[in-house]
Amino acid sequence: MGFTRGVKRPIEMLCKRLNTPVNCSHSYSTSLVYRKMSCTKFSVNKPMDTSNYSNPIHGIGIFFTRNYSSKASAPEQMNLIKQLRERTSAPIKDVKSALIACDWDIESAQKELRKKGVVIASKKSSRIAAEGLLALAQKKEKAVVVELNCESDFVARNEIFQYMALSLAKSALLLEGSKQSSCTMLVGPECLEDLKMNLDHPKLNGEKTVQNAITELAAMMGENVRLGGAFTMFVPSYGVLSTYLHQSPQPGVGRIAGLLSLEVEDQNAPRDVIQRVGSEIAMHVVAAKPLFLVKEDVSSDALGHEREILKSQAESTGKSQMAIDKMVEGRLRKYFEEVVLMEQKFVVDDTLNIKTLLNNVSKEVGSAVKIGNYLRMEVGERLRRLEASSKTESLAEAA
């Protein structure tokens, strides 16, 4: 008798809880099971009738089982979730929700995910995407670097994202353009958006425009994915095109790219030596970040601004005007060594500068070799410059 009074209150509380409606998007029933007794099944929204049990505590322990009203068994459900996840790369939470909403019909769920993903991608298009990758594609006389941006480095490491970046570069390489000597051209995103691509990836395939393919990729990744534009470099038939990719997770993609065109006076000069040196200078461009090719390229405004700063620094020493002038000229030479490619010390061998290196190569191959053009490109660099520019304008307006 004491045992019955001791457990009566918890059972009453349990029944009250079962009377409370449970809101859930899935239809299920709840079974109350007493060991050594038969099972009684009741609706979760209706109170339990215990009048038939003179001693409802006859059994030892109570437990509940919830059964989803789906035709698919639990192992089948897990298999469908896995299959749809592999097909779409969508987040597992979205995959499961789509399957439940479509009564575990995988084809219908895939369509729903695509529709939902496109809407979500359009909503996320305003978010900043400064991460991503550069993709490089080249042939003998032409190279293209395309920037594909996303919000996080995690997405940039995804193999579908990398496949898309490489596909974009290969498609951009097919575009016609100027074939002038050592010409470098900026290709804006708007020039590539309507370009058609033939994709051959298990999760991203068929003929699509660049814009549609990127929207579909954004839906898969769950982030804002955007095309950051491209650069194209041409070299003449007697030139050599050299490239280098830094922080490269696989061939053809990386975070920083260096492109370099070398022009050779004698078309019969050995190309292997020139190609090797070109690759080393392209790597140097990535590491040293030159702003100009030769001293003559430094604008008078930039030079005048730098000279004023150096003069002000020298005058603070209190030395004579002659000494100040010498200090300014000496520091200007140092400035040229920092920002002008031909004056920079070679990163592979700091006993040489780039100008001396090219002179040595010219003697080795028996023909004059010179740099026609160069390009250094880094992920998010253009976006960061635009952001810095807009901040400067805002501060100016506030002042």
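Everything quoted here is computed from the prediction, not taken from an experiment.

Caption draft 1: Inspection of the overall build of the protein at higher detail. In terms of regular secondary structure, the protein is built from 12 helices and 13 strands. Expressed as a percentage of its 399 residues, the buried residues of the protein come to 40%. Within the protein, counting contacts between residues at least 6 apart in sequence, those at least 24 apart form 66% of the total. Put simply, the protein shows about 23,200 Å² of open surface, and 52% of that area lies on carbon and sulfur atoms.

Caption draft 2: Fine view of the sheet that holds strand S9 (residues 226-234). One open sheet accounts for 5 strands, arranged S6-S9-S5-S4-S11; its pairing is antiparallel. Every interior strand has two partners, whereas the edge strands, strand S6 (184-187) and strand S11 (253-254), have only one. Where strand S4 (residues 131-139) lies against strand S5 (residues 142-150), 9 bridges are found, and the strand directions are antiparallel. By the bridge assignment, Leu133 is partnered in S5 with Leu148. Packing against the sheet, helix H6 (residues 159-173) makes contact with S4, S5, S9 and S11, and its axis sits at approximately 145° to S5.

Caption draft 3: Just the confidence of the model for the protein, in detail. Residues with a pLDDT of 70 or more make up 73% of the protein, whose mean pLDDT is 79. Mean pLDDT per element in the protein: strand S1 (residues 28-34) is the minimum at 37, and S11 is the maximum at 97. Overall, residues 1-8 carries pLDDT values under 50, and its contacts beyond four positions in sequence, including any with other chains, amount to 2 contacts. This model gives residues 50-69 a pLDDT under 50, and the stretch forms 42 contacts once residues within four places in sequence are excluded.

Caption draft 4: Just the environment of Ala230, in detail. Along the polypeptide, Ala230 turns up in strand S9. Contact partners of Ala230, with chain neighbours within four places excluded, come to Val144, Val145, Val146, Met185, Leu186, Val187 and Leu192.

Caption draft 5: The sheet that holds strand S12 (residues 256-264), seen in detail. The 3 strands lie next to each other as S10-S12-S13, forming an open sheet whose pairing is antiparallel. A single partner strand is all that each edge strand has here, and the edge strands are strand S10 (239-246) and strand S13 (369-378). Looking at each pair of strands side by side, their axes are set apart by 15° on average, direction ignored. Sheet analysis places S10 next to S12, joined by 8 bridges and oriented antiparallel. The residue of S12 that forms the bridge with Ser242 is Leu260. Set on the sheet, helix H8 (residues 271-288) makes contact with S10, S12 and S13; between it and S10 the angle comes to about 40°. Contacting S12 and S13, helix H11 (residues 354-365) runs over the sheet at an angle of about 135° to S13.

Caption draft 6: Region of interest: the packing of H6 against helix H7 (residues 210-221). It is at 11 Å that the axes of H6 and H7 come closest, and there the two elements cross at 170°. With respect to H7, the element H6 is oriented roughly antiparallel. Together, Ile160, Phe161, Met164 and Leu168 of H6 and Val210, Ala213, Ile214, Leu217, Met220 and Met221 of H7 make up the contact between the two elements.

Caption draft 7: Fine view of the packing of aromatic side chains. Counted under the stated rule, the structure contains 1 aromatic pair. Where Tyr335 meets Phe336, the ring centres are 5.9 Å apart and the plane angle is 50°; that geometry is what we call tilted. Take Tyr335 and Phe336: they sit in the same class, and that class is buried.

Criteria and cut-off values
Residues numbered from 1 in each chain as written. Predicted model: local features only at pLDDT ≥ 70, side-chain atom pairs only at ≥ 80, totals over all residues. Heavy atoms only, no water. Helix = DSSP H or I, 4+ residues; strand = E, 2+ residues; numbered from the N terminus. Buried < 20%, exposed > 50% of the residue type's maximum accessible area, 1.4 Å probe, protein only. Contact = heavy atoms within 4.5 Å. Areas by Shrake-Rupley, 256 points an atom, 1.4 Å probe, with all protein chains shown as cover. Pairing = 2+ DSSP bridges. Axes fitted to C-alpha atoms, helices over the stretch in contact; angles between N-to-C directions. pLDDT = per-residue confidence, 0-100. Parallel < 35°, antiparallel > 145°, perpendicular 65-115°, else oblique. Phe/Tyr/Trp six-rings, centres within 6.5 Å; stacked < 30°, edge-to-face > 60°.

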